[in-house]
Amino acid sequence: MNQEYVEVKPGAMRVKEDGTVTLVGTKCRECGTTSFPGKYVCPRCLQTGTMEATEMGREGVLESFCAVSAAPRGFKPPYVLGVIRTDEGPIVATQMAVDPTRVEKVLHMGMRVRLTRGVIRIDEEGRQVYAWLYEPAV
Amino acid sequence: MREVVILGVGMHPFGKYLDVPLRDLAAVAVWKAIADAAIDPRAIDVAYFGNALGGIITGQESVRGQVALKHAGMYGIPVVNVDNACASSSTALHEAVLGVGSGMYDVALAVGAEKLYSPDTGKSIEALASATDVEVVAAIGMQFTAYYAMELREFMEKTGTIQEDFARVVVKNSKNGSLNPYAQFRQPRSLEEVLAAREIAYPLTLYMCSAMGDGASAVIVCAKEVADKLSSRAPINIKASTLMSGVLRHSEADPNTVVACALKAYNQAGIGPEDLEVVEVHDAMAPAEIQYYEELGLCGEGEGKELIRRGATDLTGEIPVNTSGGLASRGHPVGATGLAQIAEIVWQLRGEAGERQVRGKHGPTPRVGLTHNAGGLVDGEPAACCIHILSV
């Protein structure tokens, strides 16, 4: 494994100077609708020129979760997947930063979760792939 | 729009055919449909070829339809390649209905063909996961079984449906599948067997999940006004053909994609869910069938579990669902599934479904049936939802 790393979706995640992580989506200046991943136009207003990048997704609610034992190529099961309803509205598919063997003990639907980041796999060139992760909010 | 009818259907049995190329699977289904329609094959004006994952799995990324259909003897006619993930072949039918209904063509062939088995299962899972926004869903290691598992967990919490209800769907569908000569899995399963099987992702156990599969299906449609001249076959009417991509939901109160697409189909057909006599739903994981009872309006919200508990959707029930065995038993070679559903409803309406034939509400055979086929996942909704309503 080499020391290089890549982001799973460049530009979709930002680490601030104080170390906090946020997702980057889009927000409509007119109606406030937030989207992740970011959209070219606001899906509610359907007009151009109202979108701006917005930091989002730092906290949300765990809608559902699942530990997986079979995975697409390049991923090493077991790991835990989750669907997060972010406080800004958009749904985010994510891996959960929890031990797969303890998933039923530490996760429950409707719990508050917070954003973090970490390595989800090593790519074909040996680089670490960083992605957003969620963990229970303490 | 002209009225469009189905003249013939055909399938290659679903199963594991590592050594049979996609084109051979497709050719068998196409020529069975031609024979079933009892038409001159030269009458076919256009073909729509549904396939989702052949590009990744075989490397034939482009012109899959032309390659397969030349093998089946089709030269010169327009061939349109259709990919809408697991809804590819129902989308092909939707396009065929449009092509004929518009008056541009008189006779159209719709095909669905897929080979998922590959020596490398990880490659097949990767191909399936590509039916999402790969940058934000496949890229983080999401796969469809897990996605279904998460949806079903939410559904259980919301409706009080329990894992045993899900297992009952498998008991029903595996029995139906055991009576279907085209089904990949023909072993009936008991409630105990289903619940005791290996857990894939709670609440899903092994027998609740559709597996890898290979197969093909084909349908021939024509304008109703020319049907008599082309064939002596009694035509089946296409009363509705609706296709939607995922809807934008501002809140949980907004109808989801399946609900919206079904409403559109009922309006197009001028009927309601109470008029249906046989239904095929897209249960890639068998338990999702209960969710679809509710979304298609076969019962009220939260009442799906009651339908399965009292046997209402059995072969002898008031509204039989997935008489073919559904995706978990018939098999789910994704691009071929949509037209396999159509074939099943056509056979039921004609009274040709053999041991799994159901009765109609008003006579020995049903008169109205519905198919629900869905594919992919984008922004938390199906990428494609395609509903057809057929009648005698």
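For the structure, see preceding data.
Each chain has its residues counted from 1, following the order in which its sequence is written. Working convention: letters from A go to chains and numbers from 1 go to ligands, in the order in which they are written. Where totals are concerned, whole chains, interfaces and linings use all residues; where local detail is concerned, this predicted model gives features only for residues with pLDDT of at least 70, and gives and counts side-chain atom pairs only at 80 or more. Note: side-chain values were computed over all heavy atoms of the structure, leaving out hydrogens and water.

> Is there a simple way to explain the packing of aromatic side chains in this structure?
To describe a pair of aromatic rings, one takes the distance between the centres and the angle between the planes. Between the rings of Phe, Tyr and Trp (Trp by its six-membered ring), a pair exists once the centres lie within 6.5 Å; its type follows the angle of the planes, with under 30 degrees stacked, over 60 edge-to-face, and the other angles tilted. Applying the stated criterion across every chain yields a total of four aromatic pairs over all chains. With centroids separated by 5.1 Å and ring planes inclined at 75°, the aromatic side chains of Tyr5(A) and Tyr130(A) adopt a geometry described as edge-to-face. In this pair, Tyr5(A) is assigned in strand β1 (residues 5–7) and Tyr130(A) in strand β10 (residues 128–136), connecting sequence segments 125 residues apart. According to the relative accessible area criterion, Tyr5(A) is partly exposed, its value standing at 49%. Over the face of the ring belonging to Phe65(A) we find Arg153(B), whose NZ or CZ atom lies 4.0 Å from the ring centre. Strands here are runs of E lasting at least two residues and helices are runs of H or I lasting at least four, both read from the DSSP assignment and numbered beginning at the N terminus. Burial classes: relative accessible area under 20% of the type maximum marks a residue as buried, over 50% as exposed, and values in between as partly exposed (1.4 Å probe, protein chains only). Charge-over-ring placement is defined geometrically: NZ (Lys) or CZ (Arg) within 6 Å of the ring centre, and within 35 degrees of the ring normal.

> I tried to follow the pattern of salt bridges on my own but got confused; where do I start?
Pairing is possible between side chains of opposite charge, provided their charged atoms come close. All names here are of chain B. Any Lys or Arg side-chain nitrogen located within 4 Å of an Asp or Glu carboxyl oxygen qualifies as a salt bridge. Counted according to the given criterion, the structure contains 34 salt bridges over all chains. Between Glu352 and Arg233 there is a salt bridge, and its shortest N-O distance comes to 3.3 Å. One end of the pair, Glu352, is in the loop between α14 (334–350) and β10 (368–378); the other, Arg233, is in the loop between α9 (224–230) and β8 (236–244), and 119 residues separate them in sequence. Two residues, Glu381 and Arg249, come together in a salt bridge whose shortest N-O distance is 3.5 Å. Here Glu381 is found in strand β11 (residues 381–391), whereas its partner Arg249 is found in the loop between β8 and α10 (257–269), with 132 residues between them in sequence. A relative accessible area of 29% places Arg249 in the partly exposed class.

> Help me out: how do you make sense of the interface of chain A and chain B in this one?
Interfaces are often sized by the amount of accessible area the parts lose when they come together. The contact criterion used throughout is that any non-hydrogen atoms of two residues lie within 4.5 Å. Each partner contributes residues to the interface: chain A has 32 residues there, and chain B has 30 residues. Buried area, as used here, totals the accessible surface that two parts lose on assembly, with accessibility defined by a 1.4 Å probe and the loss added over both. The contact between chain A and chain B buries some 2,500 Å² in all, and 60% of this surface belongs to carbon and sulfur atoms. When residues of chain A are sorted by the area they lose upon contact with chain B, Pro72(A), Arg73(A) and Met109(A) head the list and together hold 23% of the total. Across the contact surface, chain A and chain B share six salt bridges.

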